[in-house]
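The primary structure of each chain is shown beneath.
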Amino acid sequence: INKGGYIETMGNNVPRLNYRLDADGNPMGCAELLLEESKVNLVRQSENFASTWSKQQSTLTSDQIISPDGTKNGDKLTATGTSQARVEQSITTVTATSTISCFVKAGNNRYIALAQFGATGTPYVIFDLQNGGITNSASQATNKGIQKYPNGWYRIFMTYAHSSGDTYDIVKVVLCNNSTNYASSTIGEFAYIWGFQKEHNSNPTSYIKTEAS
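Bear in mind the structure is a predicted one, so any value in this text is a computation, not a measurement.

Novice: Lay out the sheet that holds strand S4 (residues 58–65) with the relevant residues and their values.
Specialist: Spatial ordering of the open sheet is given by S4-S5-S14-S7-S12-S11, a layout of six strands whose pairing is antiparallel. Both outer strands of the open sheet, S4 and strand S11 (143–148), are each paired with one neighbouring strand and no more. Across the sheet, the axes of successive neighbouring strands diverge by a mean angle of 30 degrees, strand direction being ignored. Two elements, strand S7 (residues 97–106) and strand S14 (residues 190–199), share seven bridges in a ladder whose sense is antiparallel. Within S14, the residue paired with lysine 105 across the bridge is tyrosine 192.

Okay, here's the thing in structure tokens:
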């Protein structure tokens, strides 16, 4: 995160000077050297939801809003159905512990969820984009959170585990119309999404952009 509060993607072996964000999503203090263990983002086309992502009971309009990296590449997700209006992607690599995260911004909706299909218990978390909180979650979502970024954006995340018999991992961003049921959507509600990440970790690391299809 640079001094202006925007995310910058850096090359390998380049020192990263990072500004922490305060509770309101504003950069604070002096830059610090960001040191993290090496991780891989396992989703394809992490910013281009119109490509390798499947749209279910929803439409996706590309490049509608300024994203957390400061360019107009934030996508608009709009519900066209009433049950789990979403984008999703199937991941071929199944691991014991995974963390998924996405940058989201409210449109005319209030609630949005991260969900997963394929792991034991079908973990999910519902987030409130009006007050920046969590309203409901499955017990299988063992670690979850929401962090405020500049210009009304949030980064939401959850951690879950696969059992030895699980064979697939479908990750989702879901528009929902209430605080307790992520499967219920309202036609016409929309939100903005950008920068999805899935990693083998129990916490989200800094964002890793992917472009491969």
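So, next bit.
Novice: Any details on the pattern of salt bridges? Residues and values, ideally.
Specialist: If you walk through the whole model with that rule in mind, you get eight salt bridges. Across the pair lysine 209 and glutamate 47 runs a salt bridge, and its minimum N-O distance is 4.0 Å. Here lysine 209, found in the segment after S14, pairs with glutamate 47, found in the loop between strand S2 (27–33) and strand S3 (54–56); they are 162 residues apart in sequence, far enough to count as distant. Given the relative accessible area of 11%, glutamate 47 is considered buried. The closest approach of N and O atoms between arginine 86 and glutamate 88, which form a salt bridge, is 2.7 Å. Look at arginine 86 and you get buried, because its relative accessible area is 14%.

Here is what the cut-offs are and how they apply
- Residues numbered from 1 in each chain as written.
- Predicted model: local features only at pLDDT ≥ 70, side-chain atom pairs only at ≥ 80, totals over all residues.
- Heavy atoms only, no water.
- Pairing = 2+ DSSP bridges.
- Helix = DSSP H or I, 4+ residues; strand = E, 2+ residues; numbered from the N terminus.
- Axes fitted to C-alpha atoms, helices over the stretch in contact; angles between N-to-C directions.
- Salt bridge = Lys/Arg side-chain N within 4 Å of Asp/Glu carboxyl O.
- Buried < 20%, exposed > 50% of the residue type's maximum accessible area, 1.4 Å probe, protein only.

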